[in-house]
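A structural walkthrough
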Amino acid sequence: MKKMNYYPALCELLSKEYNCSPDDFMKKENILTESRLIEGRRVYAKEKYFFHMVTTGGNAVVTADERLHPFLREFIRDREGHWLFEFPNLLPLEAELNRYGYQLNQSFHMFLPKYRVEPESTYPVKWIKEDGIAAFSEDERFENAFSFNPARPDRLAVYAYDGETIMGMAGCSEDAPGWLQVGGDVMEEYRSMGVGSYLVTLLVNRILDEGKIPFYGTSLSNYHSWNIALNAGFRPAWVEIGVKRK
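These lines cover the structure that appears in this document, whether it is placed above or below. The numbering scheme is per chain: residues are counted from 1 as the chain's sequence reads. Given that the model is predicted, a residue must reach a pLDDT of at least 70 before its local features are reported, and side-chain atom pairs must reach 80 or more before they are shown or counted; all residues, however, enter totals for whole chains, interfaces and linings. The side-chain values count all of the structure's non-hydrogen atoms but skip hydrogen atoms and water molecules.

**Section: the overall build of the protein chain**
- Of the regular secondary structure elements, the protein chain holds five helices and 10 strands.
- Here the contacts in the protein chain between residues at least 6 apart in sequence split such that 68% fall between residues at least 24 apart.
- Only the protein chains shown count as cover for residues, and all accessible areas are computed by the Shrake-Rupley method using a 1.4 Å probe. With the model as given, the accessible surface of the protein chain reaches about 12,900 Å², and the carbon-plus-sulfur share is 48%.
- Counted charges follow a simple rule, with Lys and Arg positive, Asp and Glu negative, and His plus the chain ends left uncounted. By convention, the point assigned to a charge is CZ for Arg, NZ for Lys, CD for Glu and CG for Asp. Here the protein chain contributes 29 positive and 35 negative side-chain charges, whose respective centroids are spaced 4 Å apart. Numbering of helices and strands runs from the N terminus; a helix is a DSSP stretch of H or I covering at least four residues, while a strand is a stretch of E covering at least two. In what follows, a contact means two residues having at least one pair of non-hydrogen atoms within 4.5 Å.

**Points about the side chain of E174**
- As for its position among the elements, E174 is in strand β7 (residues 165–176).
- Each residue's exposure class comes from its accessible area (1.4 Å probe, protein chains only) as a fraction of the maximum for that residue type: buried when under 20%, exposed when over 50%, partly exposed otherwise. According to the relative accessible area criterion, E174 is buried, its value standing at 14%.
- A 3.5 Å cut-off defines polar contacts: any pair of N or O atoms within that distance qualifies, except that in protein one atom must be a possible hydrogen donor and the other a possible acceptor, and neighbouring residues in sequence count only when both atoms are side-chain atoms. For E174, the side chain forms a polar contact with the side chain of R155, separated by 2.7 Å.
- Discounting residues that sit within four places of it in the chain, E174 has contacts with A151, R152, P153, R155, W179, L180 and K212.

**Brief notes about the packing of helix α4 (residues 195–209) against helix α5 (residues 223–231)**
- For helices, the axis comes from a line fit to the C-alpha atoms of the stretch in contact; other axes are also lines fit to C-alpha atoms, and the angle between any two N-to-C directions lies between 0 and 180 degrees. Close contact between α4 and α5 brings their axes to 8 Å; oriented N to C, the two are set at 45°. Classed by the angle they form, the pair α4 and α5 counts as oblique. When the axes of α4 and α5 are compared, the crossing they make is right-handed. Across the interface between the two elements, G196, S197, V200 and T201 from α4 touch N227, I228 and N231 from α5.
- For this classification, Asp, Glu, Lys and Arg are treated as charged, while Ala, Val, Leu, Ile, Met, Phe, Trp, Tyr, Cys and Pro are nonpolar and the rest, including Gly, are polar. The residue makeup of the contact of α4 with α5, split by class, is two nonpolar, five polar and no charged. Here is the rule for angles: anything less than 35 degrees is roughly parallel, anything more than 145 is roughly antiparallel, 65 through 115 is roughly perpendicular, and the remaining ranges are oblique. Crossings are classed by handedness, with left-handed meaning an anticlockwise turn of the near helix from the far one by less than a right angle and right-handed meaning a clockwise turn.

**Considering the pattern of salt bridges**
- Salt bridge, as used here: a side-chain nitrogen of Lys or Arg that lies within 4 Å of a carboxyl oxygen of Asp or Glu. For the structure shown, the criterion picks out 12 salt bridges.
- A salt bridge links R42 to E240; the shortest N-O distance between them is 2.8 Å. On the criterion of sequence distance, the pair formed by R42 in the loop between β1 (31–34) and β2 (51–55) and E240 in strand β10 (residues 234–245) is long-range, its members being 198 residues apart. Pair check on accessibility: R42 and E240 agree, each one buried.
- Its salt-bridge partner being E174, residue R155 comes within 2.7 Å of it at the nearest N-O pair. Residue R155 is found in strand β6 (residues 154–162), and its partner E174 is found in strand β7; the two are separated by 19 residues along the sequence.
- Residue R155 is classed as partly exposed on the basis of its relative accessible area, which comes to 29%.
- Each of the salt bridges in this network shares a partner with another, and the network as a whole consists of E17, R42 and E240.

**Observations regarding the environment of M4**
- Note that M4 resides in the segment before α1 (7–17).
- Ignoring anything within four residues of it in the chain, the contact list for M4 reads P113, K114, Y115, R116 and L208.

**Concerning the packing of aromatic side chains**
- Any pair of Phe, Tyr and Trp rings, taking the six-membered ring for Trp, is counted once the centres come within 6.5 Å. Such a pair is stacked with planes under 30 degrees apart, edge-to-face with planes over 60 apart, and tilted for the rest. Here the structure, examined in full by the defined rule, presents 16 aromatic pairs.
- When the centroid spacing of 5.0 Å and the interplanar angle of 85° are considered together, the rings of F111 and W226 count as edge-to-face. A residue pair is termed long-range when its members are at least 10 positions apart, and F111 in strand β4 (residues 102–113) and W226 in helix α5 qualify at 115 residues. Judged on exposure class, the residue F111 and its partner W226 are both buried.
- Between F215 and W238, the ring centres sit 6.1 Å apart and the planes meet at 40°, which makes this aromatic pair tilted. On the criterion of sequence distance, the pair formed by F215 in strand β9 (residues 213–218) and W238 in strand β10 is long-range, its members being 23 residues apart. Assigned by exposure class, F215 and W238 land together as buried.
- What links up through ring pairs into an aromatic cluster is the set F111, Y216, Y223, W226 and F234.
- When the ring centre of Y161 is taken as reference, the NZ or CZ atom of K126 above it lies at 5.3 Å.
- Working rule: Lys NZ or Arg CZ, within 6 Å of ring centre, within 35 degrees of ring normal, means a charge sits over the ring. Its end group placed over the ring of W127, R206 keeps NZ or CZ at 3.9 Å from the ring centre.

In structure tokens, the structure reads:
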């Protein structure tokens, strides 16, 4: 089974979001930069980050408003970057953010494809191209499969069906040029049947065949979602955390 290595491309992408060099993710020491809006980044907000922190498993790279820099220089000094994401270290950071009217948001655990997997399950499916996705904009069942956000447009989706019933849906949005985030939703009565893994795997393989990079994100404790990612050939690649206004 041939391995895939998208780590260099990931470092290039993250460098645009954290205003740093791709090589900064290879260093031992933690990196602090001033937050900026750079073309080619993933677009999740119109304004620049007040605080955002990422690790690929080694050091941490932090980008933030200059007002936070005196605190952050001490916060990251002489610490292993990946440990900065642990709760005891986040407590003083939360207190500092509160002074400016912000609080920490959830951490995002992100995946990149490592192996190409051929699905073992078989369900009848239908593909939906970009121009057909808008028909599902009022359907609350598919909040993970679609973004419905012009800043990160939905490009492709696939669903499995049982007669006239949709069993599950997987979709992808182009969050940065050539980077498609994959998500999915399975209806409750069809869960634990391999539907989610099947659909995500089909979609990932289609994205790979188009020469683009699929990626996947979930929360720390959503192990059902983790297993879907692993079954589709993804492996953990980076963790990041940001803030929201109180």
